[in-house]
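# Report on the structure
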Protein chains: 2
Amino acid sequence: MGISERKEREKQEMQDLILKAAAKIFLNEGFDKASIRKIADAIEYSPATIYLYFKDKNELFYAIQKQAFHKFFNYFQTVSPNQEPIERLRNLGEVYIKFAIENPGYYDLMFIMRAPMESIENTHDWDEGSKSHNVLHEIVNQCVEKGHFNGQDPFIVAHAIWSFVHGLSALYVRDRMKMFPEKNRENMITEALGVFNDWMKKL
Amino acid sequence: MGISERKEREKQEMQDLILKAAAKIFLNEGFDKASIRKIADAIEYSPATIYLYFKDKNELFYAIQKQAFHKFFNYFQTVSPNQEPIERLRNLGEVYIKFAIENPGYYDLMFIMRAPMESIENTHDWDEGSKSHNVLHEIVNQCVEKGHFNGQDPFIVAHAIWSFVHGLSALYVRDRMKMFPEKNRENMITEALGVFNDWMKKL
DNA sequence: ATAATCTACTAAACGGTGTTTAGCAAAAAT
DNA sequence: ATTTTTGCTAAACACCGTTTAGTAGATTAT
């Protein structure tokens, strides 16, 4: 019975169509401007149709967040595997920042905005994010095995490192660096990351 | 001519009334629920009246942000002045986190939300925030004078430290720690801050 | 082939939002 | 006493997310 398969495929295609239009408007004009009505207009369907494919606006953006995490993970895959763990950690930080600067809208959705998180109840819903998070944990563990961060809990060390790169990214994405209008914001981030990496080598 | 003075005073009192009601609703129910209509209702005036005292909702929340920065600065004043700069720096980090945990709504408004920043054009509008920021810079400079962070740009070091504590705070305030449901989030922050302080002592 | 059912979709409405406009009563100035 | 100014609001405008009731067309059953 090929009909139900076609139906399934069409449902998938419709979801993708909505997702694609929503992501485009969101990245170009922001969350508030990406209204259900505007998204519906872009794909030439009525607003009510969107609710046949997504429970509400939060679930729609939870789906976009998943795609963002996928892209994020791909960035992580470019981290050189054949190097000292401490070098890989440095590389990971650079790639993290690179993603945030090149995809501020996605970064916002993943780590700052509230909307997509309201569709997350159990840990399972965070799977896509955990994949990237595990990369960090693995590398930190390797660093500890090689004698770095002596005596400190790898879980806490990983959280400290995440917090640092998130802090850099979040201040950038949410425009808290315009207090230094004479400074180049991207350079500031790179330099601060450099300082941090110098510190970590000594630990 | 006492009339214009009374008028001025009454205008000030009305602004305070609006601000107080708005802050209360915002802190208890969040930004979206703090609608102009709801604020107007709380003070028993019509919604249009609020626009006689504030240009728009963004300016209203910019005013609340200013008050938040004032409170933030008071937290900073509790940092012990008669100690080694590196100890004061440690203390400053603790107080920063303490503020974020005790006043998540205010923290959000100061360092994460977009709304109040849309009323900021020139550096002058950020004065209230700069005051606190200068405290950090001063302490970092004293640390450098005492031989810490050798050779590194104090401005960048300060930004790195700010990014770190902001990262911890922002992940907490925006609920990105529920991925570790078995962990106590406040403890995690404290431990990560402890790890960071240990690092800094060695630099 | 026809009748019954089910599917995909939408028009319209509900109850909200920020903001602006026109007008009015009371206070102040003349 | 009359004019002007001030402080305020009712009502409207143009949006928003979401739900409901209903319909045209595809699918299934007879």
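The structure displayed is predicted, hence computed values, not measured ones.

How each quantity is defined
- Along every chain, residues carry numbers that run from 1 in the direction the sequence is written.
- Following the order in which they are written, the chains are lettered starting with A and the ligands numbered starting with 1.
- The model is predicted, so local features are restricted to residues of pLDDT at least 70 and side-chain atom pairs to those at 80 or more, both for listing and for counting; the totals for chains, interfaces and linings are taken over all residues.
- No hydrogens and no water enter the side-chain calculation; it runs on all heavy atoms of the structure.
- By definition, any uninterrupted DSSP run of H or I lasting at least four residues is a helix, any uninterrupted run of E lasting at least two residues is a strand, and each is numbered from the N terminus.
- Exposure is judged per residue with a 1.4 Å probe applied to protein chains only, and the accessible area is read against the type maximum: over 50% gives exposed, under 20% gives buried, and values in between give partly exposed.
- Residues are treated as being in contact if the distance between any of their heavy atoms lies within 4.5 Å.
- The Shrake-Rupley method, run with a 1.4 Å probe, gives the accessible areas here. Residue values count only the displayed protein chains as cover.
- Positive: Lys, Arg. Negative: Asp, Glu. His and the chain ends are not part of the count.
- Positions of charges follow a simple convention, taking NZ of Lys, CZ of Arg, CG of Asp or CD of Glu.
- We define buried area as the total accessible area lost by two parts upon association, computed with a 1.4 Å probe and summed across both.
- Each salt bridge in this description consists of a side-chain nitrogen of Lys or Arg and a carboxyl oxygen of Asp or Glu lying within 4 Å of one another.
- Pairs of N or O atoms within 3.5 Å make up the polar contacts considered here, provided that, within protein, one atom can donate a hydrogen while the other can accept it, and that residues adjacent in sequence are counted only when both atoms are side-chain atoms.
- The convention used is that axes are lines fitted to C-alpha atoms, helices contributing only their stretch in contact, and that angles between N-to-C directions extend from 0 to 180 degrees.
- Angular relationships are summarised with four words: roughly parallel below 35 degrees, roughly antiparallel beyond 145, roughly perpendicular across 65 to 115, and oblique for the angles in between.
- Note on convention: the crossing is left-handed when the near helix lies turned anticlockwise from the far helix by less than a right angle, right-handed when the turn is clockwise.
- Gly is placed with the polar residues, together with every amino acid not listed as nonpolar (Ala, Val, Leu, Ile, Met, Phe, Trp, Tyr, Cys and Pro) or charged (Asp, Glu, Lys and Arg).
- The copies are overlaid by a least-squares fit using only the C-alpha atoms of residues whose pLDDT is at least 70 in both copies.
- Two aromatic rings from Phe, Tyr or Trp, using only the six-membered ring of Trp, form a pair when their centres are within 6.5 Å; if the ring planes differ by under 30 degrees the pair is stacked, by over 60 it is edge-to-face, and anything between is tilted.
- Remark: a charge is flagged as sitting over a ring if the NZ atom of Lys or the CZ atom of Arg is within 6 Å of the ring centre and within 35 degrees of the ring normal.
- The rule for a residue being near a molecule or strand is that one of its heavy atoms must lie within 4 Å of it.

## Observations concerning the overall build of chain A
Each helix and strand in chain A was counted, giving 9 helices and 0 strands. Shown N-terminal to C-terminal, the secondary structure of chain A runs as helices and strands in the order α-α-α-α-α-α-α-α-α. Along the three orthogonal principal directions, the C-alpha set of chain A runs to about 60 × 50 × 30 Å. For chain A, with 203 residues in total, the buried portion stands at 51%. A separation threshold of at least 6 residues defines the contact pool for chain A, and within that pool the share at least 24 residues apart is 67%. In the structure as shown, chain A presents an accessible area of about 10,000 Å², 48% of it carried by carbon and sulfur atoms. Here chain A contributes 26 positive and 29 negative side-chain charges, whose respective centroids are spaced 4 Å apart.

## Structural notes on the interface of chain B and chain A
In this assembly, 48 residues from chain B lie in contact with 48 residues from chain A. Roughly 4,500 Å² is buried in total at the junction of chain B and chain A, and carbon and sulfur atoms are behind 69% of that figure. Here chain B and chain A share 2 salt bridges between them. The interface formed by chain B and chain A holds 20 residue pairs in polar contact (both at pLDDT 80 or more) in total. Of all the secondary-structure elements, those providing two or more residues to the side of chain B that touches chain A are helix H6 (104–111), helix H8 (154–173) and helix H9 (185–201) of chain B. Looking at the side of chain B that touches chain A, the element that brings in the most residues is H8 of chain B, giving 15 residues.

## Quick notes on unusual backbone geometry
Residues and elements named next belong to chain B. Notably, Glu-44 is not glycine yet its phi reads approximately 60 degrees, a positive angle. According to the relative accessible area criterion, Glu-44 is exposed, its value standing at 74%. Although it is not a glycine, Phe-149 adopts a positive phi angle of roughly 50 degrees. For Phe-149, the position within the fold is in the loop between helix H7 (127–145) and H8.

## Side note on the packing of helix H4 (residues 57–77) of chain A against helix H5 (residues 85–102) of chain A
Residues and elements named next belong to chain A. With their axes 9 Å apart at the nearest point, H4 and H5 run at an angle of 140 degrees to one another. Here H5 runs oblique to H4, going by the angle between their axes. Note that H4 runs across H5; the crossing there is right-handed. Here Ala-68, Lys-71, Phe-72, Tyr-75 and Phe-76 of H4 come into contact with H5, specifically with Leu-92, Val-95, Tyr-96, Lys-98, Phe-99 and Glu-102. A per-class count over the contact of H4 with H5 returns 8 nonpolar, no polar and 3 charged.

## Here we look at the relation of the copies chain B and chain A
Note on the identical chains: chain B maps onto chain A by a rotation of 180 degrees and an axial translation of 0.0 Å, with an RMSD of 0.1 Å. Both chain copies can therefore be described as sitting about a two-fold axis. When you check the interface residues of chain B against chain A, 100% turn up at the interface there too, and the contact is symmetric in its surfaces.

## Side note on the packing of aromatic side chains
In this structure the tally under the stated criterion is 38 aromatic pairs over all chains. Aromatic side chains Tyr-96 of chain A and Phe-111 of chain A sit 6.1 Å apart centroid to centroid with 25 degrees between the ring planes, which places their arrangement in the stacked category. Within this pair, whereas Tyr-96 of chain A is found in helix H5, its partner Phe-111 of chain A is found in helix H6 (residues 104–111), the two being separated by 15 residues in sequence. The same class applies to Tyr-96 of chain A and to Phe-111 of chain A, which are both buried. Site record: aromatic cluster; members linked through ring pairs are Phe-69, Phe-72, Tyr-75, Phe-76, Tyr-96, Phe-99, Tyr-107, Phe-111, Trp-126 and Trp-162 of chain A. Directly above the ring of Phe-31 of chain B sits Lys-57 of chain B, whose terminal nitrogen or CZ lies 4.0 Å from the centroid.

## Description of the protein's contact with DNA strand D
The local shell around DNA strand D holds 18 residues, among which Arg-6, Arg-37 and Tyr-51 of chain A together with Thr-49 and Tyr-53 of chain B are the closest. Each atom of DNA strand D within 4 Å of the protein was assigned to sugar, phosphate or base; sugar and phosphate come to 59%. In this structure, a base nitrogen belonging to DNA strand D sits 2.4 Å away from a side-chain N or O atom of Arg-37 of chain A. Taken together, the elements giving at least two residues each to the surface near DNA strand D come down to helix H1 (2–29) and helix H2 (36–43) of chain A together with helix H3 (47–50) of chain B. Ranked by the residues each element gives to the surface near DNA strand D, the list is headed by H1 of chain A, at 3 residues.

## Re the protein's contact with DNA strand C
Surrounding DNA strand C, one finds 18 residues, the nearest of these being Thr-49 and Tyr-53 of chain A together with Arg-6, Arg-37 and Tyr-51 of chain B. Of everything in DNA strand C that lies within 4 Å of the protein, sugar and phosphate atoms constitute 57%. Here Tyr-51 of chain B contributes a side-chain N or O atom positioned 2.7 Å from a phosphate oxygen of DNA strand C. Residue assignment for the surface near DNA strand C shows that the elements contributing at least two residues are helix H3 (47–50) of chain A together with helix H1 (3–29) and helix H2 (36–43) of chain B. The element best represented in the surface near DNA strand C is H1 of chain B, accounting for 3 residues. Considering only residue class, the surface near DNA strand C consists of 8 nonpolar, 3 polar and 7 charged.

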